Protein chains: 2
Amino acid sequence: MTIQYCTDMARRHLTPQDWSTAALRAMARGGVAAVSVNALAGELEATRGSFYWHFKDRDALLTAALEVWERDDTTALIAALGDITDPRQRLAALFTIALGQEDINGLEPAIVAHADHPAVAPVLRRVTERRIAYLTDLYTELGLDTAAARRQAVAAYAAFLGWLELRRSACDIVPEVAATGTIATVALEHLIAELTPCAMHQAEPE
Amino acid sequence: MTIQYCTDMARRHLTPQDWSTAALRAMARGGVAAVSVNALAGELEATRGSFYWHFKDRDALLTAALEVWERDDTTALIAALGDITDPRQRLAALFTIALGQEDINGLEPAIVAHADHPAVAPVLRRVTERRIAYLTDLYTELGLDTAAARRQAVAAYAAFLGWLELRRSACDIVPEVAATGTIATVALEHLIAELTPCAMHQAEPE
DNA sequence: GACATGCCGTACACCCCTGTATGGAATGAC
DNA sequence: GTCATTCCATACAGGGGTGTACGGCATGTC
């Protein structure tokens, strides 16, 4: 019985990035417990021997994957908005990008659901602090005082999280949450227009 | 070596309700995977023999626990609001109760995170439909037309879910999300006053 | 062409969880 | 007191996941 190794084509080597993104996909589906080396190896058409070459542990994969999430969905996103000068356009672009290019559906709810996990807690804390601080600065730039900007940032971020959660749990029941095109308009209506009317007009000359 | 059975006091028998609530607590901490018969037996100071007397399967426990969640946090909650005639007071009481008496912290995010699980999907679908339908009716009673009421219901429910998620993930970073006293005021400001200003005044005579 | 090294497949031991079978303690009926 | 029933503890087999040891196939170097 001959074992066939690479029948299809030149099998390219797996990178730690491949394992990390596969781990994030698995986490979005079934939580932290779904990130099993066995399942990921099957999905990547490899074996666990490949995994333990790139990573020391399963915990090392978890932290690496969550750092990828932190880098892509928070650090890089904020950095991409740096060149937009108008704060209103920056706010609009922020939620448009965050809601529009959601790469892995259900990842954020899965991460938040395991907030107590030792591999999740520090990254989630950094991400939440960074995002709320950025939103607070943005609302301050829009003319709100410190307390009001903070409140708006918390409310907007909660609405954002709930929007993602609703998209994950009931994209068939609530179809308006699924279409990428309407997300921009609906989200901007609810997050910008409606979450800031009480203090917006005295800051807006128009 | 004598085995001591009931040293402390008359050990009352465990009910399926005990197992269900313990399952919900475990699910809130570590997701569906944390609902293990072993762990729950240790928490309840019993053995798996007791469990398999009350339940056929682990899946039977999951569905029973989720039905308890559906009954307590949706059916009973809506039923408790039936005697409030004023829709504005009913809306205020709804979010006050839903946000105030959150019995198990982090349960809703955990359930939503496993929306694809076969034991979760049907219950979550029923709960989401029921809640959004109730909110839609409530906003309709408040004077909104069908489309607007539906949009407000979806937005308010998303904000509610995100508020719970933020409370779970960052109650230390965002302290305003934890205090039960301020929840009522903040939630009512953001959910009633701010989510319905565009169409509220023409329905409100005052 | 010998040799080192990067990358991966395989096999083994170990642990945790599930489900079932079986026995035993406690309680009430009579 | 006997007996049946309820409820629970214990023991066992089976499966799946982890981590490690080891062996093998490549590719590049000299």
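About the thresholds
- The residue numbers shown here count from 1 along each chain, following its written sequence.
- Each chain takes a letter, starting from A, and each ligand takes a number, starting from 1, following the order in which they are written.
- Residues qualify for local features only when their pLDDT is at least 70, as the model is predicted, and side-chain atom pairs are given and counted only at 80 or more; totals for whole chains, interfaces and linings, by contrast, use all residues.
- Hydrogens and waters are ignored; side-chain quantities use all the structure's heavy atoms.
- Working definition: helices are DSSP H or I runs of at least four residues, strands are E runs of at least two. Numbering for both runs from the N terminus.
- Each helix should span, by expectation, one fewer than its residue count multiplied by 1.5 Å.
- Each residue is placed in one exposure class: buried if its accessible area under a 1.4 Å probe, protein chains only, is under 20% of its type's maximum, exposed if it is over 50%, and partly exposed if it falls in between.
- Here a residue is near a molecule or strand as soon as one of its heavy atoms is found within 4 Å of it.
- In protein, a polar contact means a hydrogen-donor-capable atom and an acceptor-capable atom, both N or O and within 3.5 Å, with residues adjacent in sequence counting only if both atoms are side-chain atoms; elsewhere, any N or O pair within 3.5 Å suffices.
- Residues reaching a pLDDT of at least 70 in both copies supply the C-alpha atoms on which the copies are superposed by least squares.
- By the convention used here, residues are in contact when the closest approach between their heavy atoms is within 4.5 Å.
- All axes are obtained by fitting lines to C-alpha atoms, using only the stretch in contact for helices, and the reported angles, taken between N-to-C directions, cover 0 to 180 degrees.
- When describing relative orientation, an angle under 35 degrees is termed roughly parallel and one over 145 degrees roughly antiparallel, while 65 to 115 degrees is termed roughly perpendicular and anything else oblique.
- Two helices crossing with the near one rotated counterclockwise from the far one by less than a right angle form a left-handed crossing, whereas a clockwise rotation gives a right-handed crossing.
- Three classes are used: nonpolar for Ala, Val, Leu, Ile, Met, Phe, Trp, Tyr, Cys and Pro, charged for Asp, Glu, Lys and Arg, and polar for all others, with Gly counted as polar.
- Two parts placed together each lose some accessible area; with a 1.4 Å probe, that loss summed over both constitutes the buried area.
- Within this document, salt bridges are pairs made up of a side-chain nitrogen of Lys or Arg and a carboxyl oxygen of Asp or Glu, the two lying within 4 Å of each other.
- To form a nonpolar core, buried Ala, Val, Leu, Ile, Met, Phe, Trp, Tyr and Cys residues must be joined to one another through side-chain atoms within 4.5 Å.

1. Points about helix α7 (residues 121-141) of chain A
Residues and elements named next belong to chain A.
Then, number 1: Look at α7: 30 Å from first C-alpha to last across 21 residues, which is about the 30 Å you get at 1.5 Å a residue.
Then, number 2: Those residues of α7 not exposed but buried are Val123, Leu124, Val127, Thr128, Arg131, Ile132, Tyr134, Leu135, Thr136, Leu138 and Tyr139.
Then, number 3: Gly143 occupies a position one or two residues after α7 and carries a positive phi of about 110°.

2. Notes on the protein's contact with DNA strand D
Then, number 1: Around DNA strand D sit 18 residues, and of these Arg48 and Tyr52 of chain A together with Leu14, Thr47 and His54 of chain B come closest.
Then, number 2: Protein-adjacent atoms of DNA strand D, using a 4 Å cutoff, are sugar or phosphate at a proportion of 63%.
Then, number 3: In this structure, Val37 of chain A approaches DNA strand D through a main-chain N or O atom, which is 3.0 Å from a phosphate oxygen.
Then, number 4: Asn38 of chain A is positioned with one of its backbone polar atoms (N or O) 3.3 Å from a phosphate oxygen of DNA strand D.

3. Observations regarding the relation of the copies chain A and chain B
Put simply, the two copies of the chain differ by a rotation about an axis and a shift along that axis.
Then, number 1: The transformation that overlays chain A on chain B combines an axial shift of 0.0 Å with a rotation of 180°, and the residual RMSD is 0.0 Å. Read as a symmetry element, the transformation amounts to a two-fold axis. Scanning chain A for the C-alpha nearest the rotation axis identifies Gly162 of chain A, at a separation of 1.8 Å.

4. A short note on the environment of Met27 of chain A
All names here are of chain A.
Then, number 1: Considering the arrangement of structural elements, one finds Met27 in helix α1 (residues 16-30).
Then, number 2: When the C-alpha atoms of Met27 and Ala65 are compared, they prove to be 9.7 Å apart, with 38 residues separating the residues in sequence.
Then, number 3: In this structure, Met27 is in contact with Val32, Val35, Leu62, Leu66, Leu107, Ala110 and Ile111, ignoring residues within four places of it in sequence.

5. Focus on the packing of helix α5 (residues 87-100) of chain A against helix α8 (residues 146-169) of chain A
Residue and element names in this part refer to chain A.
Then, number 1: At a closest axis distance of 11 Å, the pairing of α5 and α8 adopts a crossing angle of 25°. The angle between the axes of α5 and α8 places the two elements in the roughly parallel class. Crossing of α5 against α8: the hand is right-handed. In this structure, α5 uses Phe95, Ala98 and Leu99 to contact α8, whose residues at the interface are Ala156, Phe160, Trp163, Leu164 and Arg167.
Then, number 2: Partitioned by chemical class, the residues of the contact of α5 with α8 number seven nonpolar, no polar and one charged.

6. Remarks on the interface of chain A and chain B
Then, number 1: Counting residues at the interface gives 43 residues for chain A and 44 residues for chain B.
Then, number 2: With both sides pooled, the region where chain A packs onto chain B buries about 3500 Å², and carbon together with sulfur makes up 61% of that total.
Then, number 3: For the pair chain A and chain B, the number of links is four salt bridges.
Then, number 4: Ionic pairing is found between Arg168 of chain A and Asp116 of chain B, a salt bridge with its closest N-O pair at 3.3 Å.
Then, number 5: The tally of links between chain A and chain B comes to eight residue pairs in polar contact (both at pLDDT 80 or more).
Then, number 6: Taken together, the elements giving at least two residues each to the side of chain A that touches chain B come down to α1, α6 (107-113), α7, α8 and α9 (180-193) of chain A.
Then, number 7: Looking at the side of chain A that touches chain B residue by residue, the classes come out as 23 nonpolar, seven polar and 13 charged.

7. Re the pattern of salt bridges
Then, number 1: Scanning all chains against the criterion turns up 20 salt bridges over all chains.
Then, number 2: Between Arg126 of chain B and Glu70 of chain B there is a salt bridge, with the nearest N and O atoms lying 2.9 Å from each other. Of this pair, Arg126 of chain B sits in helix α7 (residues 121-141) while Glu70 of chain B is found in helix α4 (residues 58-80), placing the two residues 56 residues apart along the sequence.
Then, number 3: Residues participating in the shared-partner salt-bridge network are Arg125 and Glu129 of chain A together with Asp172 of chain B.

8. A closer look at the nonpolar core
Within soluble globular proteins, side chains that are nonpolar tend to cluster in buried spots.
Then, number 1: Of all hydrophobic cores here, the largest spans 62 residues; its most connected members are Tyr139 of chain A together with Tyr139 and Leu166 of chain B.
Then, number 2: Going through the elements one at a time, α4 (58-80), α5, α7 and α8 of chain A together with α4, α5 (87-100), α7 and α8 (146-169) of chain B are the ones with two or more residues in this core.

9. A few points about unusual backbone geometry
Then, number 1: One non-glycine residue with positive phi stands out, namely Glu45 of chain A, at about 60°.
Then, number 2: Inspection of the secondary structure puts Glu45 of chain A in the loop between α2 (37-43) and α3 (48-54).

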